[in-house]
Amino acid sequence: MEKVSIIIPVFNEEDNLELLLAKLQVLTDFEWEAIFVNDGSKDQSAEILDELAIKDKRVKVIHFLRNYGQTAAMAAGFAHTQYDIVVPLDADLQNDPADIVHLLAKMAKGYDVVSGWRKDRQDATWTRVWPSNLANSLISYITGVKLHDYGCTLKAYKKEILQEVKLYGEMHRFIPAYAAWHGAKVTEIEVKHHPRIHGQTKYGLGKTFRVILDLLVVKFLMDYSTRPMHFFGLAGFYSLLVSFIAGFLAVYLRVAGLRHFSATPLPLLTAIFFLLGIQFILMGIIAEILMRNSYEGQNKTTYKIKSKINLDDLK
Ligand code: UDP
Ligand code: MG
């Protein structure tokens, strides 16, 4: 029998938990555990979860000290899974546990990550669906991993994929991109989505902006994490170039008798861009030192090997 660990972040979902556990009972073909991570709920969620865990040993509960956010809740859940397939799921009944069957069926065809796509999404159009569509196109374009719905919590992962990724901020949505970047096979299937009936959404329009900022970080880490100098150094060179052109123009205008130094902003631009250029290069050097430190401190390699033949690990 296939075994699956279901991770459920919970923040003030008191009216949904019991119903959710009832819906999980459709999973009769698998052995499963449901790890509920109570992310500092202020309602009765904690008490309800404790009761559910007494009644059903497959229910496991982690209580956070306070609210750390959905990504942290998911990371804590991932760290406590015992099975090889991991499926995160929202606690608010917007995702449908019955879809887990379809995700796993797709995964059995040889994929490492199967992402849910809420094609018919039941959230506020203006503040959630449209901004999210925009964000998804942007993420797909920039990461090169084309998915319609990065934001959907309901996805299925092979556990070894999750061991590679460290989750910060609101980064859980980028796991498929990270995974693909490490060579995983990623695909998506349509999943059902229901309107939220009990409790309230924790997010609004601001979420999209935060996602776009996170995307910048992901993009930077993907392209430059092992060579930050190429990023900062290039910015530094361009700044110095602008500085020299501005300086040259200023001197030229002065020598040709066309403009006095103080009659144009060019000397100011020369100074500003010169300083900026030097700063960028210094920042690049600092980033290189930090990066090397972190790799060497943890004995990490800058590459990941998929498999080896006739070679043993050296002691
Ligand atoms: N959640 C959480 N911590 C938070 C915010 C949300 O654990 O700080 C949980 C929440 O209980 C739900 C899931 O994350 O199970 C998704 O949240 P929500 O339904 O509010 O997001 P939406 O579906 O509106 O995007
Ligand atoms: Mg929701």
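Read on for a plain summary of the structure. (Residues numbered from 1 in each chain as written. Chains lettered and ligands numbered in written order. Predicted model: local features only at pLDDT ≥ 70, side-chain atom pairs only at ≥ 80, totals over all residues. Heavy atoms only, no water.)

Here's the deal with the overall build of the protein
The helix and strand tally for the protein stands at 10 helices and seven strands. Within the span of the protein, comprising 315 residues, buried residues form 45% of the whole. Long-range pairs, those at least 24 residues apart, make up 79% of the contacts in the protein with a sequence separation of at least 6. Across the protein, the centroid of the 36 positively charged side chains sits 8 Å from that of the 34 negatively charged ones. (Helix = DSSP H or I, 4+ residues; strand = E, 2+ residues; numbered from the N terminus. Buried < 20%, exposed > 50% of the residue type's maximum accessible area, 1.4 Å probe, protein only. Contact = heavy atoms within 4.5 Å. Lys, Arg positive; Asp, Glu negative; His and termini not counted. Charge placed at Lys NZ, Arg CZ, Asp CG, Glu CD.)

Description of helix α1 (residues 17-24)
Regarding α1, the residues found buried are L17, L20, L21 and L24. Looking straight down α1, one finds its buried side chains confined to an arc of 100°; they lie on one side. In the core, the buried residues of α1 are packed alongside β1 (2-10), β2 (30-38), α2 (45-55) and β3 (59-63). (Arc of directions from axis to C-beta.)

With respect to the coordination of the magnesium ion (ligand 2)
Within the protein, the atoms that donate to the magnesium ion (ligand 2) are D92 (OD) and Q94 (OE1), at distances of 1.9 to 2.0 Å. Grouping residues by exposure puts D92 and Q94 together as buried. (Donors = N, O, S within 2.8 Å, 3.2 Å for Na, K, Ca; no water.)

Overview of the pattern of salt bridges
All chains considered together, the criterion is met by 13 salt bridges. The salt bridge partner of D92 is R196, with a shortest N-O separation of 3.2 Å. One end of the pair, D92, is in the loop between β4 (85-88) and α4 (99-107); the other, R196, is in the loop between β7 (186-190) and α8 (206-224), and 104 residues separate them in sequence. The residues D92 and R196 share a single accessibility class, namely buried. Here the residues in one salt-bridge network are E13, D92, R196 and K202, joined through shared partners. (Salt bridge = Lys/Arg side-chain N within 4 Å of Asp/Glu carboxyl O.)

Side note on the site of ligand 1
Near ligand 1 you find 18 residues, and of these E13, D39, D92, R128 and T201 are the closest. The contact in question runs from an oxygen atom of ligand 1 to an N or O atom on the side chain of Q94, over 3.0 Å. R196 places a side-chain nitrogen or oxygen 2.8 Å from an oxygen atom of ligand 1. For the shell around ligand 1, the residue count by class is five nonpolar, five polar and eight charged. (Near = heavy atom within 4 Å. Polar contact = N/O pair within 3.5 Å; in protein donor to acceptor, adjacent residues only side chain to side chain. Nonpolar A, V, L, I, M, F, W, Y, C, P; charged D, E, K, R; others polar.)

A closer look at the sheet that holds β1
Strand order in this open sheet of seven strands is β3-β2-β1-β4-β6-β5-β7, and the pairing throughout is mixed. In this open sheet, the two edge strands, each paired with only one partner strand, are β3 and β7. Mean inter-strand twist for the sheet, computed between neighbouring axes without regard to direction, equals 20°. Note: strand β5 (residues 113-117) against strand β6 (residues 155-158), three bridges, orientation antiparallel. Among the inter-strand pairings, V114 is bridged to a residue of β6, identified as A156. (Pairing = 2+ DSSP bridges. Axes fitted to C-alpha atoms, helices over the stretch in contact; angles between N-to-C directions.)

Points about the packing of aromatic side chains
According to the stated counting rule, one finds nine aromatic pairs in the structure shown. Seen from their ring centres, F64 and Y68 are 5.2 Å apart, and the 90° between their planes marks the pair as edge-to-face. For F64, a relative accessible area of 18% translates into the label buried. The exposure class assigned to Y68 is partly exposed, which follows from its relative accessible area of 41%. Each ring, one from Y224 and one from F231, has its centre 5.3 Å from the other, and the planes form 55°; the classification is tilted. With relative accessibility at 22%, the residue Y224 sits in the partly exposed group. (Phe/Tyr/Trp six-rings, centres within 6.5 Å; stacked < 30°, edge-to-face > 60°.)

Re helix α9 (residues 228-255)
The end-to-end C-alpha distance of α9 is 40 Å, a good match for the 40 Å that 28 residues give at a rise of 1.5 Å each. The set of residues buried in α9 consists of P228, F232, G233, G236, S239, L240, S243, A246, G247, A250 and L253. Packed against the buried residues of α9 are α8 and α10 (266-297). Where α9 ends, the next residue or the one after it, G257, has phi of about 75°, a positive value. (Expected span 1.5 Å × (residues − 1).)

Brief notes about the pairing of β1
Side-chain positions along a regular strand alternate between the two faces of the sheet. By the criterion of burial, β1 is predominantly enclosed, with seven of the nine residues buried. The pairing of β1 with β2 spans nine bridges and is parallel. Of the residues in β2, the one forming a bridge with I6 is A34. Where the polypeptide runs from β1 across α1 and back to β2, its parallel neighbour, the crossover connection is right-handed. Bridge analysis of β1 against β4 gives four bridges, and the strand direction is parallel. Paired with I7 across the two strands is P88, which belongs to β4. (Right-handed = clockwise from strand over helix to strand, strands pointing away.)

Notes on the nonpolar core
Generally speaking, nonpolar side chains in soluble globular proteins are found buried as a group. Core analysis: the biggest nonpolar cluster contains 33 residues, and I6, I8, L24, F36 and V87 have the highest contact counts within it. Only β1, α1, β2, α2, β4 and α4 provide two or more residues apiece to this core. I8 has contacts with L20, L24, A34, I35, F36, V37, L89, D90 and A91, leaving out every residue within four places of it along the chain. Counting residues in hydrophobic clusters, the runner-up holds 32 residues, among them A73, V145, L167 and A179. (Core = buried A, V, L, I, M, F, W, Y, C linked by side-chain atoms within 4.5 Å.)

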